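Residue-level listing of the chains:
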Amino acid sequence: MHDKQFKKEMLTEGAHAYKAGRMDRRTFLALCGASGVAMNAVLAGDAQAAADHVVMWNWGGQSEECHGSAIGEAFTAKTGKGLKFDTSGPLEGKIKEMVDSGNVTADVADADLFNAVSLGPTGHLESIDYSVVSKEKTLPGYALEYGVSVILYGYAFVYDTEAYGDNPPQNWADFFDVEKYPGMRSLYKWANGSLEAALMADGVAGDALYPLDMDRALAKIKSIKDNSLYWGSGSEAHSMVVNGEVSLGMVWQNRGRNIENDTDGRYKLVNNQAMAMPGAYIVPAGNPAGAAAMEFIATAQEVPAQLALLDCLGMTPSNPEAFGQIPEDQQDYAITSAKNIDKIVYNDPDWWGKNGGDAVNAFLEAIS
Amino acid sequence: MHTLSRHIHPGWLIIAPLLVLVVALYLGPILNILWLSVTDPEPGFGNYAKLGESDALIRIVWTTVRICIITTVFSVTLGYSIAYAMVHCHQRQKNYMLTLLLVSFWISILVRTFSWLMLLGRKGLVNGTLENIGLIAEPIAFMRNELGVLIGMVHYMIPYAVLPLLVSMQSLDTRVMDASRNLGASGTQTFWRIYLPLTLPGLVASTLLVFILSLGFYVTPAVLGGGKVLMVAEYISVQLLVTLKWGTAAMLAAIMLAGVLAMLWVMSRFMKLSTVFGGAAR
């Protein structure tokens, strides 16, 4: 990951030097060849120099293609500006480092809303311009000063129908019940969602979760420690299930459909008590494209973009206007569909923004 | 000029640019880390005090040290026998062995880590075969625990253990062993009293190399440990990227650095470190 970042920075610098005539074409191409990077990635560096593009900082993989088709095309049609990607993953520490170093190369980061709570007040983010971005086109409470939720993802679980087909698990209490449902389970390693699931399993109501009772949650987590594995990325969660390592797997709900397909329906997604997580777009302070970032976010809020993201990535719309237009074949998977919306619970970005660091450490200490 | 060159060897002038570069690019960031560990989030030794306050940090450090020691013992022992075999077989076999060793040396750590999951995972090749022939009823938990981490790390470290040993064994004067046999020592005696002591510098070099590299392991424990084997490197990364406790991360990095330096110092009490790193014993 760091190698990738290094190469990208080196090539960006190379592109600047080439444009400015400080480096000849041959050297520049040799540099590209040496780092094994295709030309379009190099052009991203070029784009940053020209600033007639918005650079979206996301997590790579499919999202590059999907963000391009779902948001990028409409954005270009509307503003004439292009869209480029930095796919190195905007973790909180990386955003802080980028802004602190004064070398800000990204305009919009595909992050979590709790990042907006923790990084905003310390001056690392631009405020969202609500004359361009709409507060109505997201769920109430998810339009904050330094970030706005554009999509929702969720913590739900899948179960093995061959193991529990007669009496399938229905909620987090079942998920944590190793007597009734023997076998391994997998949980998210960085605490988010895992803590809430543990509290719900312990009998806390979904709308009374916050502030989280850490001791109670960790005690519940520890009670199934011998029967648990922990994953750190979506693909790891996916492979733990698909390779049959776990019988009950907490997953990001947008992976549910692929898991069902990859296992020929052996594993089934349960969205009851799924924890809706506000995925947010945030803007690093001093971003190169300036106000264009806000227009990009506004484009992502529109219904067609929301539905296209659902279709392409499985990310659930956060714009209430789009809820009614979720297609029939996505009803089971999208957590804000008519079928699911009454069963889900909502994450509190404010609590996580303020307490997330300590919660993650306490969780890591409990499971290791 | 003459007085100057009498005190400073002119050779220093040639290596001065390199020296300046190393100091600026290497020592600078290290000092920055040390500085961060006593200034973030507030000035003082609060980050270091955490070591005394929290069992968790001690446990993470201890897990790391324990895993590294076990990894080193296995890698160096296996590496020693591999190097021994390579030195004593025919040139042709030796070339095959060296090729295989270097190929595995060059394969990415991610590939090597995930291939262990394929082989020894719950539904992996080994468990599948054993279940099919009826030897076991339940899959054996090789992976996603500390055993898995150790298997992955030992496998990754063996080439690092072999190479310094190979160099050391190849440079031995074989006539010494012949002389020992000639004077009536048995093969075992020759090995324990002549061969092993002569390869000691190589043994120490490979032990140090493997142990120090193991301390920084990140990918293997994260993947093969199933989230339950938390080593210092991964913890530092989480503190940097997720929880933004850079002071804690810097403190742990400083502790690791101090630990490695202390180890080198202890070693230097017992032997000339220059022989370990290829210099002449004086």
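Residues numbered from 1 in each chain as written. Chains lettered and ligands numbered in written order. Predicted model: local features only at pLDDT ≥ 70, side-chain atom pairs only at ≥ 80, totals over all residues. Heavy atoms only, no water.

Per an unreviewed UniProt entry, chain B is named Spermidine/putrescine transport system permease protein PotB, and its organism is Ruegeria atlantica. Within the UniProt record for chain B, the comment given under Subcellular location (unreviewed entry) is "Cell membrane". A UniProt comment under Sequence similarities (unreviewed entry) is attached to chain B, and it reads "Belongs to the binding-protein-dependent transport system permease family. CysTW subfamily." (UniProt positions renumbered as here; feature names shortened; annotations may be inferred.)

In the nomenclature of an unreviewed UniProt entry, chain A is known as Spermidine/putrescine-binding periplasmic protein of Ruegeria atlantica. Under the Subcellular location (unreviewed entry) heading, UniProt states for chain A: "Periplasm". Checking UniProt for chain A, the heading Sequence similarities (unreviewed entry) contains the comment "Belongs to the bacterial solute-binding protein 1 family."

Asker: Help me get a handle on the confidence of the model for chain A, residues and values and all.
Answerer: Chain-level statistics for chain A give a pLDDT mean of 90 and a share of 86% at 70 or above. Counted against residues more than four places away or in other chains, residues 37-50 of chain A, with its pLDDT under 50, gives 24 contacts. (pLDDT = per-residue confidence, 0-100. Contact = heavy atoms within 4.5 Å.)

Asker: Kindly report on the environment of A201 of chain A, identifying the contributing residues and their values.
Answerer: All names here are of chain A. Mapped onto the elements of the fold, A201 is located in helix 9 (residues 194-201). Judged by its relative accessible area of 12%, A201 is buried. Separated by 24 residues in sequence, A201 and D177 have C-alpha atoms that sit 8.6 Å apart. Excluding residues within four positions of it along the chain, A201 makes contact with W172, A173, F176 and K220. (Helix = DSSP H or I, 4+ residues; strand = E, 2+ residues; numbered from the N terminus. Buried < 20%, exposed > 50% of the residue type's maximum accessible area, 1.4 Å probe, protein only.)

Asker: Before we move on, can you summarise helix 14 (residues 246-270) of chain B with the specific residues and values?
Answerer: The terminal C-alpha atoms of helix 14 of chain B, which comprises 25 residues, lie 37 Å apart, in line with the 36 Å expected from a rise of 1.5 Å per residue. All buried positions along helix 14 of chain B are accounted for by W246, G247, T248, A249, A250, M251, L252, A254 and V260 of chain B. (Expected span 1.5 Å × (residues − 1).)

Asker: Lay out the pairing of strand 6 (residues 185-188) of chain A with the relevant residues and their values.
Answerer: Successive residues of a regular strand alternate their side chains across the two faces of the sheet. All names here are of chain A. Residues of strand 6 alternate between two faces, with R185 and L187 on one and S186 and Y188 on the opposite face, all of them buried. Pairing geometry for strand 6 and strand 7 (residues 228-231), over 4 bridges, is parallel. Within strand 7, the residue paired with S186 across the bridge is L229. Of the pairings in the sheet, the one linking strand 6 to strand 8 (residues 248-252) comprises 2 bridges and is parallel in character. Looking at the pairing, S186 lines up with G249 of strand 8. (Pairing = 2+ DSSP bridges.)

Asker: How would you explain the UniProt feature "transmembrane region" (unreviewed entry) in chain B if you had to name every residue and give the values?
Answerer: In this numbering, the UniProt entry assigns the feature "transmembrane region" (unreviewed entry) to residues 12-36, 56-84, 96-119, 147-167 and 244-266 of chain B. As a span, residues 96-119 of chain B carries 92% helix and 0% strand, and end to end its C-alpha atoms are 24 Å apart.

Asker: Give me the pattern of salt bridges: which residues, what numbers.
Answerer: All names here are of chain A. Under the counting rule described, the total for this entry stands at 16 salt bridges over all chains. Of the charged contacts, one joins D329 and R257 as a salt bridge, the two residues approaching to 3.3 Å between their closest N and O atoms. You can see D329 sitting in the loop between helix 15 (320-323) and strand 11 (345-346) and its partner R257 sitting in helix 12 (residues 256-262), a full 72 residues away along the chain. Among the ionic contacts, a cluster of salt bridges with common partners joins D160, E162 and R266. (Salt bridge = Lys/Arg side-chain N within 4 Å of Asp/Glu carboxyl O.)

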